[in-house]
Amino acid sequence: MAPKISLGIRREDKNPWERRVPLIPVHARELLRQHPLEIRIQPSPIRVFADEDFRREGVIVSEDLSACSIVLAVKEIPEDFFRDDRAYAFFSHTIKGQPHNMPMLKRMIERRATLIDYERILDEKGRRLVFFGRQAGLAGMIDTLWALGKRFHEEGVRTPFAGIRQTIQYASLVEAKEAIQKVGWEIHNHGLDPSLVPLVFGFTGYGHVSQGAQEIFDLLPFEEVAPSQVKDLFKKKHYSEKKVYKTVFKEEHLVVPKPGRPGFELQDYYHNPQNYRPVLEGFLPYFTVLVNAIYWAPQYPRFVTKKALRKLWKGPLTPRLRVIGDITCDIDGSMECTVRSTDPAHPVFTYDVEKDEAVDGFAGKGPAVMAVDNLPAEIALESSVFFSQTLMPFIPGLVGADYRGEFDLCGLPPALLKAVILFRGKFTPDYSYMREFISPQKRSHP
C-alpha cells in the first residue's frame, strides 16, 4: 500500500479581504476518497469556508503544515513560511521580475523549493487553464457601476446607479446581480436624465476578464454598437434614454499601423507593437465609463495617457467621462492615470489632471479610477468554488509527481510541467531568464 502524501493548504492572510481558498471542502472530500492522501489546512477566522466545513469532510485543521510535502495557496507566501525541499503552488507574481516578490523567490531558492505557478498552467496553445479572470471582471464591473453612482451623486445628478453597493457589501454574487437587474428595470421604465444620454460604456478586451465585466453590464437594458459607430450615435441622435450603450474594443480597434506600414495584423502587433500607435483616446469624449479589461505589457502602447486626459478636461465644459474601471490594474500601464492600486476599503480615487496625482474620493478635475488589485477576493465564495473546480483535475498529477529527483523525470503532466518555475531551488529551462532578477546587481538597483 502506497504511503499517504500530505497535502497542505495555507491560510490566506495578505490582507483582511482575502478570504479565498484554492480547494473547497467538497473537493477535498473527493480527493481523500479517491487517492492515498492526507489533507491539512491552517485555521482561519476569515476564510469563506469555516474550519468546521473542512473538518466535516475529513481534512485536518492544523497550524503546523511542516509534514506536508506539497502546499497550496492563493496569493504570495511570506518568506518565513517555506521549509526545505517542499513544493508550493500559488500565484507567485514573479515572472516579470516584480521587485516586491524577489526576496520571496530568493528564499525559495535557498530552501531548495519547487515553485509551481497557477498562472503558467497552460494548454498546448498557451492558454491559461487555472485563473480568476472572469471573477475579476464580475467584481470589477459591480464596483465600477457603484463608482459611477457615487460620482453622479457627488455632482448632484440623480441616477438609478446610486442604489448599487460595493461588491464586497453583497452577501453573494446572486444578490449583487439582482440589485443590478433592479437598476436595469428602473432605467427601462423611467429612463436616465437627458443630460447623460447616450450613456456609453467602452470595454477594452474580449477575454475572460472582459466577459465577466460584460456579464454584469448586460443585466442592464443595453444596445451594442461597433467602435466605428460610436461617433454616429451622437451625430444622428438615434439613441434612447431608456437604455445604455456598450462598445467593445479588440486590438484592431485600439491601435492602427504607423504611416508606411501595411494593415493591422494581430500577430504582427503582438511581436512588433512599436509599429503601431494607439487610437482609443479619440473615443474618450464619447464615453461616460471606460472599462479596461485587456492584457497589457510595457512593450505595448498606452491606450490612455495623462496628456490625453489633461486635454479632455481643458475645455470649458465638463467632459462626459466620469469613471475608468481599470480591472487590469497595471500601475502606470495602459491607463496611465492608474498611478496606484486601491483596496476594498478605499476602492476609488480621482485622478486630478492638473495636479497629476490621485485624490481620495469622487470629486475633482479628472476621472474617478477604480483600481482594486485583488478583485476576485470581493466575491470570495464564487471565486473559490470556480478556482477549485479548475484546479481539481491537476491535483492527482501534482501529488503523484516525484520532487526528489531530476526535473525531466519528475512525472508531472505537460500542463503542470510548464508551470514549474523552480525545481528543487533551481530555475527550469523556460524560466532561466529569471536569474537576472535575483542577481546582486539587480537587487542593488531595484
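These remarks concern the structure in this document.

How each quantity is defined
- Residues numbered from 1 in each chain as written.
- Predicted model: local features only at pLDDT ≥ 70, side-chain atom pairs only at ≥ 80, totals over all residues.
- Heavy atoms only, no water.
- Helix = DSSP H or I, 4+ residues; strand = E, 2+ residues; numbered from the N terminus.
- Buried < 20%, exposed > 50% of the residue type's maximum accessible area, 1.4 Å probe, protein only.
- Contact = heavy atoms within 4.5 Å.
- Salt bridge = Lys/Arg side-chain N within 4 Å of Asp/Glu carboxyl O.
- 1 Å grid on protein atoms, 1.4 Å probe; cavity = no way out; pocket = protein on both sides within 12 Å on 5 of 7 lines; lining within 4 Å.
- Points joined across faces, edges and corners; volume = space filled by probe spheres on them.
- Nonpolar A, V, L, I, M, F, W, Y, C, P; charged D, E, K, R; others polar.
- Patch = residues over 30% accessible without salt bridge, like charges linked within 9 Å, V, L, I, M, F, W, Y side chains within 5 Å.
- Areas by Shrake-Rupley, 256 points an atom, 1.4 Å probe, with all protein chains shown as cover.
- Lys, Arg positive; Asp, Glu negative; His and termini not counted.
- Charge placed at Lys NZ, Arg CZ, Asp CG, Glu CD.
- Arc of directions from axis to C-beta.
- Pairing = 2+ DSSP bridges.
- Polar contact = N/O pair within 3.5 Å; in protein donor to acceptor, adjacent residues only side chain to side chain.

Concerning the environment of Phe-82
Relative to the helices and strands, Phe-82 is located in the loop between strand S4 (70-72) and strand S5 (87-90). A relative accessible area of 0% means that Phe-82 is categorised as buried. Considered as a pair, Phe-82 and Gly-8 are 74 residues apart in the sequence and their alpha carbons are 12 Å apart. Those residues in contact with Phe-82 that sit more than four places away from it in its chain are Ile-77, Tyr-88, Phe-90, Met-104, Arg-107, Met-108 and Arg-111.

Some points on the environment of Pro-273
Here Pro-273 lies in the loop between helix H9 (266-271) and strand S11 (276-278). Taking C-alpha positions, Pro-273 is 24 Å from Ile-324, a pair spaced 51 residues apart along the chain. The contacts of Pro-273, once residues within four sequence positions are left out, are Asp-268, Gln-299, Tyr-300 and Pro-301.

Looking at unusual backbone geometry
With an omega of -5 degrees, the peptide bond between Val-197 and Pro-198 qualifies as cis. Note that Pro-198 resides in the loop between helix H5 (173-190) and strand S7 (200-204). Phi angles above zero are rare outside glycine, and Asp-332 is one such case at about 55 degrees. Inspection of the secondary structure assignment puts Asp-332 in the loop between strand S13 (323-326) and strand S14 (348-352). Backbone geometry places Arg-424, a non-glycine residue, at a positive phi of 55 degrees.

Focus: the pattern of salt bridges
Enumeration over the complete set of coordinates arrives at 28 salt bridges. A salt bridge links Glu-18 to Arg-20; the shortest N-O distance between them is 2.7 Å. Note on accessibility: Glu-18 and Arg-20 belong to one class, buried. Here the salt bridges share partners, and the residues they tie into one network are Asp-84, Asp-85, Arg-111 and Arg-112.

Focus: empty space enclosed by the protein
In this approach a probe as big as a water molecule rolls over the atoms, and the regions it shows empty are the leftover space. What the rule picks out here adds up to 1 cavity of 30 Å³ or more. Quantified by volume, the largest cavity comes out at close to 40 Å³. If you trace the largest cavity, you find it lined by Leu-72, Ala-89, Ile-116, Tyr-118, Ile-121, Leu-391, Phe-394, Ile-395, Leu-398 and Leu-416. Partitioned by chemical class, the residues of the lining of the largest cavity number 10 nonpolar, no polar and no charged.

A closer look at a positive patch on the surface
Taken together, the side chains of Lys-307, Arg-310, Lys-311 and Lys-314 define a basic patch exposed on the protein surface. Relative accessible area serves as the criterion here: at 63%, Lys-307 is assigned to the exposed category.

Quick notes on helix H1 (residues 25-34)
Taken residue by residue, H1 has Pro-25, His-27, Ala-28 and Leu-31 as its buried positions. Down the axis, H1 shows its buried residues gathered within 160 degrees of arc, on one side only. In H1, the exposed residues that point more than 90 degrees away from the buried face are Arg-33 and Gln-34. Structurally, H1 contributes buried residues whose contacts are with strand S2 (37-41), helix H2 (51-56), helix H11 (380-391) and helix H12 (395-400).

A few points about the pairing of strand S17 (residues 420-423)
Pairing of strand S6 (residues 114-117) with S17, which is carried by 2 bridges, proceeds in the antiparallel orientation. Across the sheet, residue Leu-115 finds its bridge partner in S17, namely Leu-422. Both S17 and strand S18 (residues 426-427) contribute to a ladder of 2 bridges, which runs antiparallel. Bridge assignment links Leu-422 to a residue of S18, and that residue is Phe-427.

Points about the side chain of Asn-374
Mapped onto the elements of the fold, Asn-374 is located in the loop between strand S16 (368-370) and H11. For Asn-374, a relative accessible area of 9% corresponds to the buried category. At 2.9 Å, the side chain of Asn-374 forms a polar contact with the side chain of Arg-20. If we skip the residues at most four places from it in the chain, Asn-374 touches Asn-15, Glu-18, Arg-20 and Lys-75.

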